[in-house]
Amino acid sequence: MSRRATAITLTCDVRAVLAGRARSLTVPRRDWLRAAIVLAAADGASNTTIATDLGVCEDTVGKWRGRFAREGLAGLVDRPRSGRPARFTAVQVAEVKALACTRPADVGAPLERWSNAELARHAAREGIVAGVSASSVGRWLARDAIRPWQHRSWIFPRDPAFVAKASRVLDLYARIWDGAPLGENDYVISADEKSQLQALRRCHPTAPAQARHGPRVEFEYQRGGTLAYFAAYDVHHAHVIGRIEPTTGIAPFHRLVDQVMTAEPYASARRVFWVVDNGSSHNGQTSIRRMSAAHPTATLVHLPVHASWLNQVEIYFSILQRKAIERGDFADLDALGDRVMGFQDLYNQTAAPFDWKYTRADLLKTASGLALAA
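Here's a quick rundown of the structure. As the structure is a prediction and not an experimental result, all values here were calculated from the model.

## A word on the overall build of the protein
Now for step 1: For the protein, the helix and strand inventory stands at 13 helices and seven strands.
Now for step 2: In terms of overall dimensions, the protein has a C-alpha envelope of 110 × 55 × 55 Å along the principal axes.
Now for step 3: When each of the 374 residues of the protein is scored for burial, the buried share is 37%.
Now for step 4: In the protein, the share of contacts with a sequence separation of at least 24, taken over all contacts with a separation of at least 6, comes to 64%.
Now for step 5: Just so you have it, the protein exposes about 22,100 Å², and 53% of that area is on carbon and sulfur atoms.

Okay, here's the thing in structure tokens:
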């Protein structure tokens, strides 16, 4: 004799919750199925009818019908599962993580960085574990966001006037010079050269984008020579003035300076500050005197050594590289030069000043941290 199915009665609130799950297109199927079983049971359907309508066995219907009758909505949640017993102790896992934070060379491994597989093999050789898979090691490291195959570079400032030099540039970005605000007729130029731009000619034409994949660029190429691109970026007006040169050097840089300083509004400006790094084209006190002699309203302001990241024109160079050069196919140097100058014109049409947020206060905070570390 079959057992009589448990009667189900729903309150309005509980029915609304279950109906929402049964109608939803985003809930997991298991939650949808359990809600549908309980709703059908509450409407008086038998286990056999519910099983047939939903395509499941009667035992499944009986299981969730009974759980809901005893526990309500809480009964529709999966029970905790014990799972397979752990194969590795917490100490073993901790020792593998510690190994991942160790330089391989310091423990006798002829490597500069670990992979999961190498960590697994080395842990077994050292007796930390009898044996472990690379995937298990990967899961352990992921819990603490340890990625020994990645690294970040850093350099300690060795310019004794680092803070003073960098502060002057950051003040200029904030339109301040020697503690006083810049006037409307003062301009700040960030300048540098992008050297060794290669005209790479692909051996086969680039295939255009198609359904389910983007453009395909031939890896093999022929070299068509190199050129240099000198650029002056107006920090507060987001305007680029540049020129193509066959090579870098003092003379090409000063041709850029002449090009800018003889064009308006810079030719009539009260002051034009030129922010540059310490490249050979514009390095040292001699370059400052040379610029002042040629253009009395121009002031050359050097960044500290190893501080090109504070030069805003480098951001523009990054945009140029990614948008106009990286996947390029250039027949010759003229084609490369046309691309660079064409992108400059296009950029100037819509450019807005960079949202520069690193200030003198941030610099002082960074410097104090470095002092404490030293």
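## Side note on the packing of helix H5 (residues 90-100) against helix H7 (residues 134-143)
Now for step 1: Two elements in contact, H5 and H7, have axes separated by 10 Å at closest approach and are oriented at 80°. On the basis of their axis angle, the class for H5 and H7 is roughly perpendicular. Each of Val-93, Val-96, Lys-97 and Ala-100 in H5 lies in contact with H7, whose residues at this interface are Val-137, Trp-140, Leu-141 and Arg-143.

## Some points on the packing of aromatic side chains
Now for step 1: Across all of its chains, the model carries twelve aromatic pairs by this definition.
Now for step 2: Note on Tyr-173 and Trp-356: the rings are 5.1 Å apart at their centroids and 70° apart in plane angle, and the pair reads as edge-to-face. Of this pair, Tyr-173 sits in helix H8 (residues 162-173) while Trp-356 sits in the loop between helix H12 (333-350) and helix H13 (360-373), and the two are 183 residues apart along the sequence.
Now for step 3: Ring centres of Tyr-187 and Tyr-266 lie 5.2 Å apart, and the angle between their planes is 75°; on these two criteria the pair is classed as edge-to-face. Of the two residues, Tyr-187 is situated in strand E3 (residues 186-202) and Tyr-266 in the loop between helix H9 (250-261) and strand E6 (271-276); the sequence distance between them amounts to 79 residues.

## As for the environment of Thr-248
Now for step 1: By the element assignment, Thr-248 lies in the loop between strand E5 (239-245) and H9.
Now for step 2: In this structure the C-alpha to C-alpha distance between Thr-248 and Val-132, which are 116 residues apart in sequence, comes to 55 Å.
Now for step 3: When neighbours within four sequence positions are excluded, Thr-248 is seen to be in contact with Glu-193, Ser-195, Ala-228, Phe-230 and Ser-281.

## Examining unusual backbone geometry
Now for step 1: Note the cis peptide between Glu-264 and Pro-265, where omega equals 10°.
Now for step 2: Its location among the elements puts Pro-265 in the loop between H9 and E6.
Now for step 3: Its identity as a non-glycine residue notwithstanding, Ala-145 has a phi of 55°, on the positive side.
Now for step 4: Positionally, Ala-145 belongs in the loop between H7 and H8.

## Observations concerning the sheet that holds E5
Backbone hydrogen bonds hold the strands of a sheet together, and the pairing may be parallel or antiparallel.
Now for step 1: Spatially, E5-E4-E3-E6-E7 is the arrangement adopted by the five strands of the open sheet, whose pairing is mixed. For this open sheet the edge positions go to E5 and strand E7 (298-302), each flanked by a neighbour on one side alone. With direction set aside, neighbouring strand axes in the sheet form an average angle of 30°.
Now for step 2: In this structure, E3 lies alongside strand E4 (residues 221-234), joined through eleven bridges in antiparallel fashion. Bridged to Leu-197 within E4 is Leu-227.
Now for step 3: Lying on the sheet, H12 is in contact with E3, E4 and E5; it crosses E5 at an angle near 170°.

## Some details on the pairing of E4
Now for step 1: Note: E4 against E5, seven bridges, orientation antiparallel. Along E5, the bridge assignment pairs Tyr-233 with Val-240.
Now for step 2: If you look at the hairpin formed by E4 and E5, you'll find four residues sitting between the two strands, and Ala-238 has a positive phi there, around 55°.

Rules behind the numbers
Residue indices follow the written sequence of each chain, beginning from 1 at its first position. This being a predicted model, a pLDDT of at least 70 is required before a residue's local features are given, and a value of 80 or more before pairs of side-chain atoms are given or counted; all residues contribute to the totals for chains, interfaces and linings. Neither water nor hydrogens contribute to the side-chain values; these are computed over all heavy atoms in the structure. To qualify as a helix, a DSSP run of H or I must reach at least 4 residues; to qualify as a strand, a run of E must reach at least 2; elements of each kind are numbered from the N terminus. Buried residues are those whose accessible area, probed at 1.4 Å on protein chains only, stays under 20% of the maximum for their type, while exposed residues exceed 50% and partly exposed ones sit between those limits. Contacts are residue-level and defined by heavy atoms, with any inter-residue pair within 4.5 Å sufficient. Using a 1.4 Å probe, accessible areas were evaluated by the Shrake-Rupley method; residue-level cover was limited to the displayed protein chains. Only the contacting stretch of a helix is used when fitting its axis, a line to C-alpha atoms as for every element, and angles between N-to-C directions run 0 to 180 degrees. Each angle is binned into one of four classes, with values under 35 degrees roughly parallel, values over 145 roughly antiparallel, values of 65 to 115 roughly perpendicular, and all other values oblique. Each Phe, Tyr or Trp ring, with Trp reduced to its six-membered ring, pairs with another whose centre is within 6.5 Å; inter-plane angles below 30 degrees give stacked pairs, above 60 give edge-to-face pairs, and intermediate values give tilted ones. For two strands to count as paired, DSSP must find a minimum of two bridges between them.

All quantities given are derived from atomic positions and should not be read as evidence of function.
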